[in-house]
Amino acid sequence: MNHLKTFALLAVMTALFMGIGYLIGGATGMLVALAVAALMNLFSYWNADKIVLKMYRAQVVDETHPNAVVRAYVADVRQMATDAGLPQPTITIIPNDQPNAFATGRNPQNAAVAATSGLLDMLTREEVRGVMAHELAHVKNRDTLTMTVTATVAGAIAMLANFAMFFGGGDDRERPGGMIGTIALMLLAPMAAGLVQMAISRAREYEADRVGAEIARDPQALASALQKIEAYARGAVNVPAERNPATAHMFIINPLNGKGADSLFSTHPATGNRVRALMELGTTMGMGRRSTAPVASAPAINAARTSVPTTPSASNAPRGPWG
């Protein structure tokens, strides 16, 4: 079923690509766009995960890392992957103050998980486990290929739509749509690609929450983590994500600052709905309701947090909140 969904997604994205090509250059433009889309789909299948990890400057870490928090993070991911019956993923850290995480890779055998330094910095060990279990659930559900390819192709559609302004002007009356069509194309093509992203993202997030809670055996830790991440994300700008909004749906919480509200154009379901579903799951698993401390404001967080170094440091360096 996931392979069918991926095929359907690529077909929709390819059709959008061809439509843009037609509006820019007629039948010839459509054929050129088809050829480009075919090459891009093939390239994305094999390399999209590497592109996304490089985009966010993700650094591979393992059990030999000098920081105790990072070593615990690695150990927890490896243990949960084993419990879930998954191959060991590549484990990375993104040097970014915004707490967030995502998974990528074309299949479980070539998967990678990424957590920001801010995530390790601000959450408890149990909450980090919950978040990474959610990402392993995406790997287990084989969501990562669809999500990563979508990010790559959607970004390309937005870029091609912008090219339309440069190649679609002038007095070329044979080009369909004219200048009005070009302007409409620039506005509507990225929106159409975005709607496809959103359609596949919301249902997948709910399912990954459920499976991740079962992997970590702690739905309430994930619920608490979601609340904290959403609150903290509004106070810390994720610059790479702002520059590449087509990747927003890959993260556990929308990384685009100030755009966390649930709406037609949100890449993620409302966090409150996700939290309620997780708390109900915790009840069915026989867990009592856990009290949650209020989430601090962004200024207080920035003043109190301790940096999690991603490179070797002196032995007296801060070890993080749960090292």
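Values in this document were obtained by computation on a predicted structure and should not be read as measured data.

**Comments concerning the pairing of strand β2 (residues 90-94)**
Within β2, four of the five residues are buried, which leaves the element mostly enclosed by the surrounding structure. With two bridges connecting them, strand β1 (residues 59-60) and β2 associate as antiparallel partners. Bridging across to β2, V60 finds its partner in T92. Relative to strand β4 (residues 112-116), β2 runs parallel, the two sharing five bridges. Bridged to T90 within β4 is A112.

**So, the sheet that holds β4**
The four strands are arranged β1-β2-β4-β3 in an open sheet whose pairing can be described as mixed. Only two strands of the sheet have a single neighbouring strand rather than two, namely β1 and β3 (101-104). Both β3 and β4 contribute to a ladder of four bridges, which runs antiparallel. Across the sheet, residue T104 finds its bridge partner in β4, namely A112.

**Describing a nonpolar patch on the surface**
Nonpolar side chains collect at one region of the surface, where L42, Y45 and W46 lie side by side and expose about 320 Å² of accessible area between them. Mapping L42 onto the fold places it in helix α1 (residues 2-55). L42 sits in the exposed class, given a relative accessible area of 53%.

**Remarks on the packing of helix α2 (residues 68-83) against helix α4 (residues 125-140)**
Between α2 and α4, the shortest axis-to-axis distance is 10 Å and the interhelical angle comes to 45°. Taken together, α2 and α4 sit at an angle that is classed as oblique. In terms of crossing hand, the pair formed by α2 and α4 is right-handed. Of the residues in α4, those touching α2 at A72, Y73, D76, V77, Q79, M80 and A81 are R125, V128, R129, M132, A133 and L136. Here the residues of the contact of α2 with α4 are counted per class, giving nine nonpolar, one polar and three charged.

**Details of the pattern of salt bridges**
Applying the stated criterion to the full structure yields 10 salt bridges. A salt bridge links D76 to R129; its shortest N-O distance comes to 3.5 Å. On the criterion of sequence distance, the pair formed by D76 in helix α2 and R129 in helix α4 is long-range, its members being 53 residues apart. No difference in accessibility class separates D76 from R129, as the two residues are buried. Residue D83 pairs with R217 through a salt bridge whose shortest N-O separation is 3.8 Å. Taken together, the residues D83 in helix α2 and R217 in the loop between α6 (178-216) and α7 (219-233) connect sequence positions 134 residues apart.

So, how was this worked out
- Residues numbered from 1 in each chain as written.
- Predicted model: local features only at pLDDT ≥ 70, side-chain atom pairs only at ≥ 80, totals over all residues.
- Heavy atoms only, no water.
- Buried < 20%, exposed > 50% of the residue type's maximum accessible area, 1.4 Å probe, protein only.
- Helix = DSSP H or I, 4+ residues; strand = E, 2+ residues; numbered from the N terminus.
- Pairing = 2+ DSSP bridges.
- Patch = residues over 30% accessible without salt bridge, like charges linked within 9 Å, V, L, I, M, F, W, Y side chains within 5 Å.
- Areas by Shrake-Rupley, 256 points an atom, 1.4 Å probe, with all protein chains shown as cover.
- Salt bridge = Lys/Arg side-chain N within 4 Å of Asp/Glu carboxyl O.
- Axes fitted to C-alpha atoms, helices over the stretch in contact; angles between N-to-C directions.
- Parallel < 35°, antiparallel > 145°, perpendicular 65-115°, else oblique.
- Left-handed = near helix turned anticlockwise from the far one by under 90°.
- Contact = heavy atoms within 4.5 Å.
- Nonpolar A, V, L, I, M, F, W, Y, C, P; charged D, E, K, R; others polar.

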